[in-house]
Amino acid sequence: MSLEQQLSEVRSQAAQNIPSEILEKMLSETDKLKAQSLEQFAPKVGDIFPDFALKNQSGKYITLSEQVKQGPVLLTFYRGGWCPYCNLELKAYQSILPNIKQAGGSLIAISPELPDASLSTIEKNQLDFTVLSDPRSLYAKSLGIVFTLPESLKPIYQKFGINIEEHNGEGQFELPLAATFVIDKNRVLKFADVNADYTQRAEPTDALNVLLVNN
């Protein structure tokens, strides 16, 4: 089953299980975010992708410039382990990890979650690839792919049992758009998919196919 098919099932379940007035508010906020066209500020294919130095769940700094020396990098941004759409995406990337490694590439996921929360996400989804913490979304912000969770959604998320501050730190409500990039050995961007609708994600096999021809 493709990632889109899995995401479609979750969207359908949400439409059935979430009260209509709440769902309408959530969809309205997504429409407002889409209207901002933040995707236009994201890196474009052909750009030199900005370097980063971010900590993994063990507190070790990982840099993009060192990582690409080993081969192309498939880089994906997710909101947090509390997001069901993100978890499906992470598991989908885990399923193609052998193909990425066979091509000499590597897979990295980045979120604003603190390292301890990232570790929980890794364990919950049984991930074998690098997961990095981007505190206050500073790196994602430098890429132009960050938004702030609207005030109207905060109490809704709380009702769902989602406490963003527990994951990201006190007062931290900035989140990345759903974004996936493939970066070659020279840090040239070869694939970019950025979407303001968090229920929509790039198909991992599409990103993989680009990585395979840039190994």
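Note that the structure is a prediction, hence the values are computed from the model and not measured.

(A) Layout of the packing of aromatic side chains. Evaluation of the coordinates by the stated rule reveals six aromatic pairs. Each ring, one from F49 and one from F181, has its centre 4.9 Å from the other, and the planes form 55°; the classification is tilted. Taken together, the residues span a long stretch of sequence, with F49 in the loop between α2 (20-35) and β1 (53-56) and F181 in strand β8 (residues 178-183) at a distance of 132 residues. On the accessibility criterion, F49 (0% relative accessible area) is buried. Arranged with centres 6.2 Å apart and planes meeting at 85°, the rings of F77 and F181 form a pair that is edge-to-face. Within this pair, whereas F77 is found in strand β3 (residues 73-77), its partner F181 is found in strand β8, the two being separated by 104 residues in sequence.

(B) Layout of the state of the cysteines. Tallying each qualifying case throughout the model produces zero disulfides. Left unpaired, C83 is separated from the closest cysteine sulfur, that of C86, by 3.0 Å. C86 sits in the buried class, given a relative accessible area of 0%.

(C) Seen up close, the pairing of β1. In the sheet, β1 pairs with strand β2 (residues 61-63) via three bridges, with the strands oriented antiparallel. Across the sheet, residue L54 finds its bridge partner in β2, namely I62. Turn length for the β1-β2 hairpin, with the two strands adjacent in sequence and antiparallel, is four residues, and the turn residue G59 shows positive phi of about 90°. Judged from the two bridges that link them, β1 and strand β5 (residues 130-133) form a sheet pairing that is antiparallel. Its bridge partner being in β5, N56 is matched across the sheet by L132.

(D) Fine view of helix α4 (residues 84-95). Over its 12 residues, α4 extends 17 Å from the first C-alpha to the last, a length consistent with the 16 Å expected when each residue adds 1.5 Å. In terms of burial, α4 is largely enclosed, as nine of its 12 residues are buried.

(E) Looking closely at the packing of α4 against helix α6 (residues 115-125). Look at α4 against α6: their axes get within 10 Å of each other, and the N-to-C directions meet at 60°. Considering the relative orientation of α4 and α6, their crossing is right-handed. Contacts from N87, L90 and K91 in α4 reach T121, K124 and N125 in α6. Residue composition of the contact of α4 with α6, grouped by class: one nonpolar, three polar and two charged.

(F) Fine view of the nonpolar core. One finds F49, F52, L75, F77, I110 and I145 to be the most contacted residues of the largest nonpolar core, which totals 72 residues. Top contributing element to this core by residue count: α4, with six residues. The residues touching F77, leaving out its near neighbours within four places in the chain, are E89, I110, Y139, A140, L143, I145, P176, L177, A178, A179 and F181.

(G) Spotlight on the sheet that holds β2. Here we have seven strands laid out as an open sheet, ordered β2-β1-β5-β4-β3-β8-β9, and mixed in their pairing. If you trace the sheet from one side to the other, it starts and ends with β2 and β9 (189-195), each paired once. Shown here is a sheet whose adjacent strand axes are inclined to one another by a mean of 30°, direction ignored. Across the sheet, α6 is in contact with β1, β4 (106-111) and β5; its angle to β5 comes to roughly 155°.

(H) Molecular detail of the environment of I100. Along the chain, I100 falls in helix α5 (residues 97-102). Sequence spacing of I100 and N186 is 86 residues, and the spatial spacing of their C-alpha atoms is 18 Å. If we skip the residues at most four places from it in the chain, I100 touches L74, G105, S106, L107, L208 and L211.

(I) Examining helix α10 (residues 204-212) more closely. Within the span of α10, buried status applies to P204, A207, L208, V210 and L211. Take α10 and look down its axis: the buried residues cluster within an arc of 160°, on one side only.

Reading guide: rules and limits
Residues numbered from 1 in each chain as written. Predicted model: local features only at pLDDT ≥ 70, side-chain atom pairs only at ≥ 80, totals over all residues. Heavy atoms only, no water. Phe/Tyr/Trp six-rings, centres within 6.5 Å; stacked < 30°, edge-to-face > 60°. Helix = DSSP H or I, 4+ residues; strand = E, 2+ residues; numbered from the N terminus. Buried < 20%, exposed > 50% of the residue type's maximum accessible area, 1.4 Å probe, protein only. Disulfide = S-S within 2.5 Å. Pairing = 2+ DSSP bridges. Expected span 1.5 Å × (residues − 1). Axes fitted to C-alpha atoms, helices over the stretch in contact; angles between N-to-C directions. Left-handed = near helix turned anticlockwise from the far one by under 90°. Contact = heavy atoms within 4.5 Å. Nonpolar A, V, L, I, M, F, W, Y, C, P; charged D, E, K, R; others polar. Core = buried A, V, L, I, M, F, W, Y, C linked by side-chain atoms within 4.5 Å. Arc of directions from axis to C-beta.

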